[in-house]
Amino acid sequence: MIVLLLGNFILMAFDAKEINSGQRVLRVWTQAAADFVQSPVTTITSAVTNYFQSFANLRTAQTDNDLLKQRVQELEVELKGKEDLASQNERLKKLLDLKETGKYKILTASIIGRDPSIWFDSSIINRGSLDGVKLNMPVVTDGGLVGRVTAVGPLTSQVDLITRDKSGLGAVVGEISSSNAIGVVSGTSKRDLLDMRYVPGSIEIQVGSIVYTTGQDGIYPAGLKVGEIVEVISGSATNPHKISIRPSAGLNSMQEVGVLIYEPPAKEVFEQKLPNAVATPAKGR
Amino acid sequence: MEGIKITIAIIIAVVLQWTLRNVAEPLAYIDFPLIIVVYAALQRNAIKAILFGTLAGLAVDALSGGLLGANGFVKTLIAFIVSEIARRVYMDNLLLRIPVIAGACLLNNLLYYSLHRLLGQEPAGQVVVIMAYSLIGTTIAGTIVYLILDSVFVQKKRPKKRDMFSPRRQTRRRNPIRLNK
């Protein structure tokens, strides 16, 4: 018994030490084995749920239909206006020679499993290394940033959410080009709240502002939507603000996600930036 | 034979733990592997129970965002404690098993949370709420599972005919050979 306890404890300590850097072989292969169970269960469950959901939806179908007809008419009028704005935007872009920002390939994936322990919130997706997924790739939904890949098996991957207490990312309030309210967003262990720290207290921050990634953390690309500010405890000239953010990705109800096929640019070795350093070729991570 | 049955039960428990959160979120509060590990420990075979505890714990850890080995450590320890208690105290009654599974669940959650805090990890959610729901869910599910397991595992003895009926009374016959004559 002592040997087993000691073995488990060493495994735990090793995992805790390198929780953000590596992945365990045991974890990867168990996930691969679990995929054969989880995928059919998820398929059957969603099929049964959709079947009963369709009955429930019939009750409100007539009302929804009337509302939708009205909404279509409104949207047609809106669309006319948007088309004009889009063409104007296109012209202005050409004028300013702006580059497109949506340059990352997105691999769509379904969530086939949730964390078996109630204490954590990681998810298992049905894409793995055979699909091109790599460790630390960002995961998003149409709402915004979800988290990053923390373990990759051949067929499946594990995703840790941004709400986890050990997660962190560089973020800015508002668009990066127009704001200097830069700080660090980290998880709070609460499932629907993030903390933003180190935003200078001298900058005015509004509740309801949107927070985006800066790309300076070496994991996430710049410009991804993180969430909306729900609370600001104002700081002073010497104290930073304490900001609470609600993630915009809808972390509790997501079924489909996208893995950004993104690899951050290789970091330069710090010494090379020193004025007296001898010039050597840059090394990758 | 009983070992094989418990092995099958523990595999089913791990698979249920992996999949049931997909079906409904509240089902994640039930710790199925713990229920089976405690059941195995109540059979008074400490070594088997400890091995089951380690394997089931590691299988859950492997798919969890928590520390690898945390569940393995906790379930190993619980299997040992329960089997030691079962060796000293009579535990074959279902009513006596209810406080055992409740206590094991409480200890499991406390140790799991403490180990993560000790190693610098903060589990998500409110501790007291999660522990309370887990205690209720696991105790109720555990009681039902034990009823099922008891009915599966206890080998039913077919009563023999001579046990069912009282032995026929034999009339005493006189010995036809009279030795004294």
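Residues numbered from 1 in each chain as written. Chains lettered and ligands numbered in written order. Predicted model: local features only at pLDDT ≥ 70, side-chain atom pairs only at ≥ 80, totals over all residues.

### With respect to the domain arrangement of chain A
- Each assigned domain of chain A is listed with its residue range as follows: domain 1 (1-59 + 102-263) and domain 2 (64-96).
- Here the C-alpha centre of domain 2 of chain A lies 32 Å away from the C-alpha centre of domain 1 of chain A. (Domains from an automatic or database assignment.)

### Some words on the interface of chain A and chain B
- The interface of chain A with chain B comprises 38 residues on the first partner and 38 residues on the second.
- Counting residues per element, the side of chain A that touches chain B draws most heavily on helix α2 (residues 25-58) of chain A, at 10 residues.
- Grouping the amino acids of the side of chain A that touches chain B by side-chain chemistry returns 17 nonpolar, 10 polar and 11 charged. (Contact = placed C-beta atoms within 7 Å. Helix = DSSP H or I, 4+ residues; strand = E, 2+ residues; numbered from the N terminus. Nonpolar A, V, L, I, M, F, W, Y, C, P; charged D, E, K, R; others polar.)

### Focus on the nonpolar core
Residues and elements named next belong to chain B.
- Grouped together as the largest cluster of nonpolar side chains are 98 residues, with contacts concentrated most on I36, V37 and V38.
- If one sorts the elements of this core by residue count, helix α3 (residues 46-63) sits on top with 10 residues.
- Among residues more than four places away in sequence, those in contact with I36 are I6, A9, I10, A13 and A56. (Core = buried A, V, L, I, M, F, W, Y, C linked by C-beta atoms within 7 Å. Buried ≥ 20, exposed ≤ 12 C-beta atoms within 10 Å, placed from the backbone.)

### Brief notes about helix α6 (residues 127-153) of chain B
- Buried within α6(B) are the following residues: M131(B), S134(B), T138(B), T139(B), A141(B), G142(B), V145(B) and Y146(B).
- The elements touched by buried residues of α6(B) are α2 (32-41) and α5 (94-118) of chain B.

### Quick notes on the packing of α2(B) against helix α4 (residues 70-88) of chain B
Residue and element names in this part refer to chain B.
- Contact geometry of α2 with α4 gives a least axis separation of 8 Å together with a crossing angle of 35°. For the pair α2 and α4, the sense of crossing is right-handed. Residues P33, L34, V37, V38, A40 and A41 of α2 form the contact with α4, whose own contacting residues are K75, I78, A79, V82, S83 and A86. (Axes fitted to C-alpha atoms, helices over the stretch in contact; angles between N-to-C directions. Left-handed = near helix turned anticlockwise from the far one by under 90°.)

### Quick notes on the environment of D195(A)
All names here are of chain A.
- Mapped onto the elements of the fold, D195 is located in strand β8 (residues 194-199).
- Measuring from C-alpha to C-alpha, the distance between D195 and T43 comes to 35 Å, with 152 residues separating the pair along the chain.
- Residues within four places of D195 in sequence aside, it is in contact with V185, S186, T188 and S244.

### Remarks on unusual backbone geometry
Residues and elements named next belong to chain A.
- Residue N136 is not a glycine yet carries a positive backbone phi of 75°.
- Inspection of the secondary structure puts N136 in the loop between β2 (123-125) and β3 (138-140).
- Owing to 19 C-beta atoms within 10 Å, N136 belongs among the partly exposed residues under this scheme.

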